[in-house]
Amino acid sequence: MATLLSVDNLAVSFTTEAGCFRVVDDVSFTVTAGQTLGLVGESGCGKSVTALSLLGLLPRPAGRVVGGRAQFQGQDLLALTAEQRYRVRGNKIAMIFQEPMTALNPVYTIGCQLMEVYELHRPELNKPQRREAALAILHQVGIPEAEARLAAYPHQLSGGMRQRVMIAMALACEPDLLICDEPTTALDVTMQAQILHLIRELQQKTGMGVIFITHDLGVVAQVCDQVLVMYAGRSAEQAGVFDIFERPLHPYTQGLLSAIPRLERPGKTMLPTIKGQVPSLEEQKAGCRFANRCPRASDLCEQQPVVSLAGESHQVWCHHWRDRPS
Ligand SMILES: Nc1ncnc2c1ncn2[C@@H]1O[C@H](COP(=O)(O)OP(=O)(O)O)[C@@H](O)[C@H]1O
Ligand SMILES: [Mg+2]
């Protein structure tokens with residue numbers, strides 16, 4: 001399948017009162033048409049910043065792309081003018097945000113916003129047909145009384161409902177690339193499954209590529225083909241989803257996996273979790289950023305690890321990936 005997006009050596013800095021920090025450093029990945037790439041890592045690892053930088057949505061002036069390229073359909077997304085970016089966004093690329101309020105316009109009704117999407121993307125539809133399409137997609141994302149919701153304003157809906165409206169709007173665009181930033185975190189499990197199914201369905205129909213950001217490895221197993229595990233703004237491990245679960249090589253990936261509850265684990269044992277936290281920006285030192293939490297850390301880890309190829313498409317950034325897990 002064709003490569004849809006190719007991100008090379010992306011680097012993003014934030015300037016705060018405490019100084020200037022690399023929050024995303026030398027991150028590379030590709031998204032294939034019809035496939036889903038999972039961006040995984042604990043909170044603060046740089047997943048959202050990576051996504052926002054692709055769309056030119058970093059908070060300015062604090063956040064800035066300081067290196068890298070992002071080739072998408074012959075254009076470098078990181079080098080677009082504001083006008084070019086506007087055309088790509090919501091047309092070729094749609095994003096579902098963690099916080100839905102930011103993506104909906106408070107002064108227009110849901111129906112008005114949704115029908116505007118159809119007006120732009122499906123110009124062959126007349127007004128009653130647009131209304132039908134809007135009702136159908138609201139129904140598909142599990143919004144009850146869709147008819148009444150068309151006349152509602154965003155603030156009249158619950159958070160979970162707004163989230164579903166935003167998902168409906170993103171899917172209505174039938175984008176080539178969909179970026180989902182923890183889209184189902186606020187939804188209950190049944191709703192989550194329904195939304196994931198809907199995304200999958202559209203993907204199969206249109207060949208859309210998806211970047212799926214999550215800290216939930218259970219969701220990764222369900223929806224992703226490729227996985228990039230990030231830690232403190234850097235790549236830790238990248239592989240096909242099967243390898244990530246069956247042959248995790250980075251101690252951080254192994255830690256994340258052992259923190260998932262499993263049915264076969266006897267009832268009352270504690271879940272092993274990774275001790276410590278992602279270092280804050282001020283705490284970041286040279287060398288491997290995971291070293292202070294890593295069971296295998298050694299003096300070697302004072303040097304930043306370079307990438308090792310552990311399989312045909314299995315990359316790992318660790319000095320000790322060949323060692324047996326402790
Ligand atoms: N507006 C901002 N100003 C300063 N630092 C920020 C800002 N947004 C994010 N960061 C920093 O960038 C890092 C990555 O954040 P983020 O991408 O939101 O993490 P994730 O999505 O993986 O939870 C964090 O250390 C965070 O503190
Ligand atoms: Mg985030």
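For the protein chain, the name recorded in an unreviewed UniProt entry is ABC-type dipeptide transporter, with Zobellella taiwanensis as its organism. Of the comments in the UniProt record for the protein chain, the one headed Catalytic activity (unreviewed entry) reads "a dipeptide(out) + ATP + H2O = a dipeptide(in) + ADP + phosphate + H(+)". Under Sequence similarities (unreviewed entry), UniProt gives the following word-for-word description of the protein chain: "Belongs to the ABC transporter superfamily."

Enquirer: Looking at this model, I keep getting lost on the nonpolar core. Mind explaining?
Expert: A general feature of soluble globular proteins is that nonpolar side chains tend to end up buried together. Counting 99 residues, the largest nonpolar core has Leu5, Phe29, Leu178 and Ile211 as its most contacted members. Counting residues per element, this core draws most heavily on helix α6 (residues 159-172), at nine residues. In contact with Leu178, not counting residues within four places along its chain, are Ala94, Ile96, Ala170, Leu171, Ile199, Met208, Gly209, Val210 and Ile211. Core analysis: the next-biggest nonpolar cluster, separate from the first, contains five residues, Leu249, Ala310, Val316 and Cys318 among them.

Enquirer: How should I be thinking about the site of ligand 1 in this particular structure?
Expert: Near ligand 1 there are 13 residues, and of these Gly44, Gly46, Lys47, Ser48 and Val49 occur at the shortest range. Between ligand 1 and Gly44, the relevant distance is 2.7 Å, taken from an oxygen atom to a main-chain nitrogen or oxygen of the residue. Isolated, ligand 1 exposes 560 Å² of accessible area, and the fraction of that covered by the protein chains is 68%. Of all the elements in the fold, those that place two or more residues in the shell around ligand 1 are β1 (3-16) and α1 (47-54). Class assignment for the residues of the shell around ligand 1 results in six nonpolar, five polar and two charged.

Enquirer: Before we go on, may I ask you to explain the packing of aromatic side chains in this structure?
Expert: Both the distance between ring centres and the angle between the ring planes are used here to describe each pair of aromatic rings. Under the criterion given, the structure shown has three aromatic pairs. For the pair Tyr231 and Tyr252, a centre-to-centre distance of 4.6 Å together with 65° between the ring planes defines the contact as edge-to-face. Highlighted residues: Tyr231 in strand β9 (residues 226-231) and Tyr252 in helix α10 (residues 251-258), separated in sequence by 21 residues. Judged on exposure class, the residue Tyr231 and its partner Tyr252 are both buried. Taking the centre distance of 4.9 Å and the plane angle of 75° together, the rings of Tyr231 and Phe290 count as edge-to-face. Of this pair, Tyr231 sits in strand β9 while Phe290 sits in the loop between α10 and β11 (308-311); the two residues are 59 residues apart in sequence, bridging distant segments of the chain.

Enquirer: How should I be thinking about the environment of Arg162 in this particular structure?
Expert: If you trace the backbone, Arg162 turns up in helix α6. As for Arg162 and Leu300, which are separated by 138 residues in sequence, their C-alpha atoms are 48 Å apart.

Definitions and limits used
- Residues numbered from 1 in each chain as written.
- Chains lettered and ligands numbered in written order.
- Predicted model: local features only at pLDDT ≥ 70, side-chain atom pairs only at ≥ 80, totals over all residues.
- Heavy atoms only, no water.
- UniProt positions renumbered as here; feature names shortened; annotations may be inferred.
- Core = buried A, V, L, I, M, F, W, Y, C linked by side-chain atoms within 4.5 Å.
- Buried < 20%, exposed > 50% of the residue type's maximum accessible area, 1.4 Å probe, protein only.
- Helix = DSSP H or I, 4+ residues; strand = E, 2+ residues; numbered from the N terminus.
- Contact = heavy atoms within 4.5 Å.
- Near = heavy atom within 4 Å.
- Polar contact = N/O pair within 3.5 Å; in protein donor to acceptor, adjacent residues only side chain to side chain.
- Areas by Shrake-Rupley, 256 points an atom, 1.4 Å probe, with all protein chains shown as cover.
- Nonpolar A, V, L, I, M, F, W, Y, C, P; charged D, E, K, R; others polar.
- Phe/Tyr/Trp six-rings, centres within 6.5 Å; stacked < 30°, edge-to-face > 60°.

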